[in-house]
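Summary of the model geometry
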Amino acid sequence: MPIKRWLGMVTLSLSLMLALASCGGGETTLSIATNRWPGYEPLYLARELGYLGGANTSLVELPSASRVIDAFRNDHVNAAALTLDEVLLLAQDEIPVRILLVTDISNGSDAVMARREIKSLADLAGKRVGVESFALGAYMLSRTLEAAGLKPSDIRIVPLTVDQHEEAYKSGLVDAVVTFEPVRTKLLAEGAHVLFDSSRIPDEIFDVLVIREDFATRHPEQVARLQEAWFRALDYLRERPQDAAERMARRLDITAPQFLESLRGLRIPNHEENMRLLHGANPALLQPANRLVKVMVEERLLRVEVDPRRLIANGIGEK
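Here's a quick rundown of the structure. Note that the coordinates shown come from a computational prediction; the quantities given were computed from them, not determined experimentally.

1. Topic: the pairing of strand β10 (residues 206-212)
- With seven of seven residues buried, β10 is to be regarded as a mostly interior element.
- Note that strand β3 (residues 79-83) and β10 share five bridges and pair antiparallel. Bridge pairing in β10 links A80 to V210.
- In this sheet, β10 lies alongside strand β4 (residues 97-106) in antiparallel orientation, the contact comprising seven bridges. Paired with V102 across the strands is V208, a residue of β10.

This is how it looks when you write it as structure tokens:
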């Protein structure tokens with residue numbers, strides 16, 4: 001095994017052990033892995049405000065979506081914040097994952113950021129493009145190239161995890177990068193501009209909170225408390241946006257105004273919209289999820305078709 005990958009796995013294991021130990025490490029600890037993303041921040045706001053106290057919950061922040069997927073796949077955590085396409089990748093491998101909440105729908109916060117001399121999508125030809133190729137980045141890149149009329153072989157792909165995006169751009173390692181908030185905001189400050197973003201592909205990038213089916217089945221009341229804490233945090237954000245933004249912006253290393261601006265690229269479903277998306281005989285999430293499956297199969301991002309209906313934890317946790 002390459003030494004860098006071995007060291008990464010050791011670091012991941014230590015991070016998880018420390019996070020779980022800080023929460024008591026009991027068998028019913030609900031451990032949730034996330035990476036940095038404004039749409040996941042209400043979880044940390046809920047923790048800071050004490051809303052998670054009764055849920056015996058541990059939040060584990062990891063440096064990239066790839067690490068989050070690995071943590072969930074290897075059963076180091078029993079819940080995770082992921083994009084819907086990432087959940088489909090887990091599902092095709094028969095991992096028992098269920099969607100509890102839709103945390104947000106991206107409408108501009110995921111973006112291809114480029115240097116000013118790259119004025120159009122066609123200008124990406126021959127350029128070095130940084131991307132986290134295992135996760136949402138692969139999907140965003142495929143949709144970007146489709147819009148540009150280019151093939152992957154037309155560009156020079158530079159594999160990068162999201163924690164490397166800002167430095168790679170600033171150091172000149174890449175000409176463009178497929179990234180998301182808060183890196184998007186930081187690169188704007190460095191002079192980059194948005195070449196393509198998720199507003200061009202509406203209702204395709206959903207962020208969700210997922211859980212292992214066996215944990216949700218064994219601990220429905222704990223899951224319900226987590227859901228309640230999430231929506232309490234959204235209420236706080238709505239009622240006291242400035243204070244909430246200041247609390248959440250600190251973790252993302254941006255200013256409160258920048259955080260509030262980043263939310264303009266997201267739609268955050270409230271309780272009623274989550275019920276519409278995930279519950280009932282015909283959950284509203286099914287139609288965009290089926291479309292996503294089709295695109296991912298066509299782009300060879302999925303090996304097999306996945307039935308999104310079996311991913312929805314309809315009724316679990318809801319009182």
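Picking up after the structure, the text goes on.
2. A closer look at helix α5 (residues 136-148)
- Taking 1.5 Å per residue, 13 residues should reach 18 Å; α5 reaches 18 Å between its end C-alpha atoms and fits that length.
- Taken across its 13 residues, α5 has 11 buried, putting it largely inside the fold.
- With its phi angle positive at about 70 degrees, G149 sits one or two positions after the end of α5.

3. Let's talk about the sheet that holds strand β6 (residues 128-131)
- In space, the five strands of this open sheet follow the order β7-β6-β8-β5-β9, with mixed pairing throughout. In the strand order of this sheet, the two ends are held by β7 (156-159) and β9 (193-197), each with one partner. Adjacent strand axes in the sheet meet at a mean angle of 30 degrees when their direction is disregarded.
- Taken together, the four bridges between β6 and β7 define a ladder with parallel strand orientation. Opposite V129, over in β7, you have I157 as the bridge partner.
- Against the sheet, α5 touches β5 (110-114), β6, β7, β8 (176-180) and β9, its axis set at about 90 degrees to β9.

4. Notes on the pattern of salt bridges
- According to the stated counting rule, one finds 24 salt bridges in the structure shown.
- Of the charged contacts in the structure, one is a salt bridge between R73 and D93, with a shortest N-O distance of 2.7 Å. Here R73, found in helix α3 (residues 65-73), pairs with D93, found in the loop between α4 (84-91) and β4; they are 20 residues apart in sequence, far enough to count as distant.
- Of the charged contacts, one joins E273 and R267 as a salt bridge, the two residues approaching to 3.1 Å between their closest N and O atoms.
- A residue is classified by how much of its surface remains accessible, and E273, at 16% relative accessible area, is buried.
- Looking at R267, the relative accessible area reads 37%, which means it is partly exposed.

Analysis parameters
- Residues numbered from 1 in each chain as written.
- Predicted model: local features only at pLDDT ≥ 70, side-chain atom pairs only at ≥ 80, totals over all residues.
- Heavy atoms only, no water.
- Buried < 20%, exposed > 50% of the residue type's maximum accessible area, 1.4 Å probe, protein only.
- Helix = DSSP H or I, 4+ residues; strand = E, 2+ residues; numbered from the N terminus.
- Pairing = 2+ DSSP bridges.
- Expected span 1.5 Å × (residues − 1).
- Axes fitted to C-alpha atoms, helices over the stretch in contact; angles between N-to-C directions.
- Contact = heavy atoms within 4.5 Å.
- Salt bridge = Lys/Arg side-chain N within 4 Å of Asp/Glu carboxyl O.

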